[in-house]
Amino acid sequence: MAIPDIQPERYAEQLAEKRAYLESTFAPFNPPALEVFESPASHYRQRCEFRIWHEGDDLFYAMFEVDPANPKEKRVVRLDQFAVASESINALMPRLREAFLASDELRRRLFQVEFLTTLSGEALVTLIYHRPLGDAWEQEARALEAELGIMIIGRSRKQRLVLTRDHVWEQLTVDGRTLDYQQVENSFTQPNAHICQKMLAWAREVTAGRQDEDLVELYCGNGNFTIALADNFRRVLATEISRTSVASANVNLEANKVTNAHIARMSAEEFALALKGEKGGRRVAEMALEDYRFSTVLVDPPRAGLDEQSCRQISEYDQIVYISCNPATLADNLQVLGKTHQIERFALFDQFPFTHHCECGVWLTRREIGQEGA
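Basis of the calculations
Residues numbered from 1 in each chain as written. Predicted model: local features only at pLDDT ≥ 70, side-chain atom pairs only at ≥ 80, totals over all residues. Heavy atoms only, no water. Core = buried A, V, L, I, M, F, W, Y, C linked by side-chain atoms within 4.5 Å. Buried < 20%, exposed > 50% of the residue type's maximum accessible area, 1.4 Å probe, protein only. Helix = DSSP H or I, 4+ residues; strand = E, 2+ residues; numbered from the N terminus. Domains from an automatic or database assignment. UniProt positions renumbered as here; feature names shortened; annotations may be inferred. Contact = heavy atoms within 4.5 Å. Pairing = 2+ DSSP bridges. Axes fitted to C-alpha atoms, helices over the stretch in contact; angles between N-to-C directions. Left-handed = near helix turned anticlockwise from the far one by under 90°. Nonpolar A, V, L, I, M, F, W, Y, C, P; charged D, E, K, R; others polar. Expected span 1.5 Å × (residues − 1). Arc of directions from axis to C-beta. Parallel < 35°, antiparallel > 145°, perpendicular 65-115°, else oblique.

- As recorded by an unreviewed UniProt entry, the chain carries the name tRNA/tmRNA (uracil-C(5))-methyltransferase and is attributed to Vreelandella songnenensis.

Spelled out as structure tokens, the structure:
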């Protein structure tokens, strides 16, 4: 892993390189002009994790990167501050370290620290140990919670002590509306909240005006897109395999008073079988698939993208919103999707400045009869 070298004065230059890469990669698909959504040049990650490195009486936050002189070896990099992380995380890092140094109970066999913060000011810190945690640890950790105004979770093997709660509440502003999201410790959430707001606004814009139609969403996570897009459609059916994410998505529907969406816990592959009538059971019956008239599908898959069968499945919808964290697999998938659909909108969301990672989105519409396969 390479630790990002944050140079805010060079942000425009690195963003231009990503733009050029995407324009070159997707040129064979003849997309429209690329829309570019900038991130803050630093302090953009709301969640981070660090190893705790012990050296004698000292300890510090650490990350590891490959030693260029010896690619088989990783070297320890000390981090007193981390320009990638939110300002809240940077403010907490030295104060937590001081608390660890001052307390044998808090520092002993402390292995890792994970931060989850929000734009709205909440902070949840998970302390991970290589030893069991008892009453003495809990007493000192509760005092630290009160002193720093944070929430703490203690973890060790087969042990998870939640002192206050296991989640934060993020507030995102999208199209002038405030959306509330429960974000649970140790589950996936969008790390760059600034870009997430822009990505949700873009998805709302490209799917606007479909209140008489229905949306199906695959890989919905905690309802990130579901909440933002629900009022663009008559109804929304979203699927997700993670039990924790489904529970959180349902909490978020209620928190945002969304009443026209249903979250089904099943994989994209299972859902495809349900649509074909090849899978039954209670969860399929609860979806009442016969009541929907789907026009649009939204997919936000893992880095591996979609397999060919899933591409064929989503190509059955008139409109496709595809959010991708891996342009290479998106380009592969477009080899299949491009036979039936064309790119109407094309966007770069710079989730991770000063890294090679590119998040992008495409809005695809069905080709007219006679153009398919062009």
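The structure having been displayed, the exposition proceeds.
### A short note on the nonpolar core
- If you look at the biggest cluster of nonpolar residues, it comprises 75 residues, and the most contacted ones within it are Phe50, Tyr61, Phe82, Leu96 and Phe115.
- Of all the elements, helix H2 (residues 87-102) adds the most residues to this core, at six residues.
- Here this core spans two domains, since at least three of its residues come from each of domain 1 (8-41 + 192-366) and domain 2 (47-168).
- Formed by 34 residues, the second largest nonpolar core is a distinct cluster that contains Ala193, Val206, Val258 and Phe349.

### Observations concerning the UniProt feature "binding site: S-adenosyl-L-methionine" (unreviewed entry) in the chain
- Per the UniProt record, the feature "binding site: S-adenosyl-L-methionine" (unreviewed entry) sits at Gln190, Tyr219, Asn224, Glu240 and Asp300.
- As for its placement among the helices and strands, Gln190 is situated in the loop between strand E10 (177-184) and helix H5 (193-206).
- Residues in contact with Gln190, not counting those within four places in the same chain, are Arg47, Cys196, Met199, Asn224, Asp300, Gln351 and Glu359.
- Its location among the elements puts Asn224 in helix H6 (residues 224-229).

### Digging into the sheet that holds strand E7 (residues 151-156)
- The strand order across the open sheet formed by seven strands is E4-E3-E2-E5-E6-E7-E8, and the pairing between neighbours is mixed. Of all strands in the sheet, those with a lone pairing partner are strand E4 (70-79) and strand E8 (159-162), marking the two edges. Strand-to-strand, the axes of this sheet are offset by a mean angle of 30 degrees, without reference to chain direction.
- In this sheet, strand E3 (residues 58-67) lies alongside strand E2 (residues 47-55) in antiparallel orientation, the contact comprising five bridges. When the bridges of E3 are listed, Glu55 appears paired with Asp58.
- Running over the sheet, helix H4 (residues 135-148) touches strand E6 (123-129), E7 and E8 and is turned about 150 degrees from E7.

### Here's the deal with the sheet that holds strand E12 (residues 233-240)
- The eight strands are arranged E1-E16-E17-E15-E14-E11-E12-E13 in an open sheet whose pairing can be described as mixed. Single-partner strands in this sheet number two, and they are strand E1 (35-37) and strand E13 (261-265). Taking the axes of each pair of neighbouring strands and ignoring which way they run, one obtains an average angle of 20 degrees across the sheet.
- Where E12 and E13 come together, five bridges link them in parallel fashion. Residue pairing across strands places Leu237 opposite His262, the latter belonging to E13.
- Running over the sheet, helix H7 (residues 243-255) touches E12 and E13 and is turned about 170 degrees from E13.

### Details of the packing of H2 against H4
- Running from N to C, H2 and H4 point in directions that differ by 145 degrees, and their axes come no closer than 12 Å. Of the two elements, H2 crosses H4, and the hand of that crossing is right-handed. Of H4, the residues touching H2 (which contributes Leu92, Arg95, Leu96 and Ala99) are Leu144, Glu147 and Leu148.
- Looking at the contact of H2 with H4, its residues break down into five nonpolar, no polar and two charged.

### What to know about the side chain of Ser315
- Along the chain, Ser315 falls in the loop between helix H10 (308-314) and strand E15 (319-324).
- For Ser315, the residues in contact, after removing those within four places along its chain, are Ile320, Leu337, Thr340, His341 and Arg366.

### Structural notes on H7
- Helix length check: H7 (13 residues) gives 19 Å between terminal C-alpha atoms against 18 Å at 1.5 Å per residue, within 8%.
- Within the sequence span of H7, burial applies to Ser245, Val246, Ser248, Ala249, Asn252 and Leu253. Along the axis of H7, the buried positions cluster into a sector of 165 degrees, meaning they face one direction only. Exposed positions of H7 whose direction lies more than 90 degrees from the buried face are Arg243 and Glu254.
- One or two positions beyond H7, positive phi appears at Lys257, with a value near 55 degrees.

### Brief notes about the packing of helix H1 (residues 11-26) against helix H11 (residues 327-337)
- Where H1 meets H11, the closest approach of the two axes is 10 Å, and the angle between their N-to-C directions is 20 degrees. The angle between the axes of H1 and H11 places the two elements in the roughly parallel class. The way H1 lies across H11 gives a crossing that is right-handed. Here Tyr21, Leu22, Thr25 and Phe26 of H1 lie close against H11, whose contacting residues are Pro327, Leu330, Ala331 and Leu334.

### Looking at the domain arrangement of the chain
- Looking at the assigned domains, one finds that the chain contains domain 1 (8-41 + 192-366) and domain 2 (47-168).
- Taken over C-alpha atoms, the centre of domain 1 sits 33 Å from the centre of domain 2.

### Describing the UniProt feature "active site" (unreviewed entry) in the chain
- Within this numbering scheme, the UniProt entry marks Cys325 and Glu359 as carrying the feature "active site" (unreviewed entry). Despite a sequence span of 35 residues, these residues sit close together in the fold, their greatest C-alpha distance being 4.4 Å.
- When you line up the elements, Cys325 lands in the loop between E15 and H11.
- Apart from the residues lying within four places of it in its own chain, the contact partners of Cys325 are Pro301, Pro302, Arg303, Cys358 and Glu359.
- By the secondary structure assignment, Glu359 is in strand E17 (residues 359-366).

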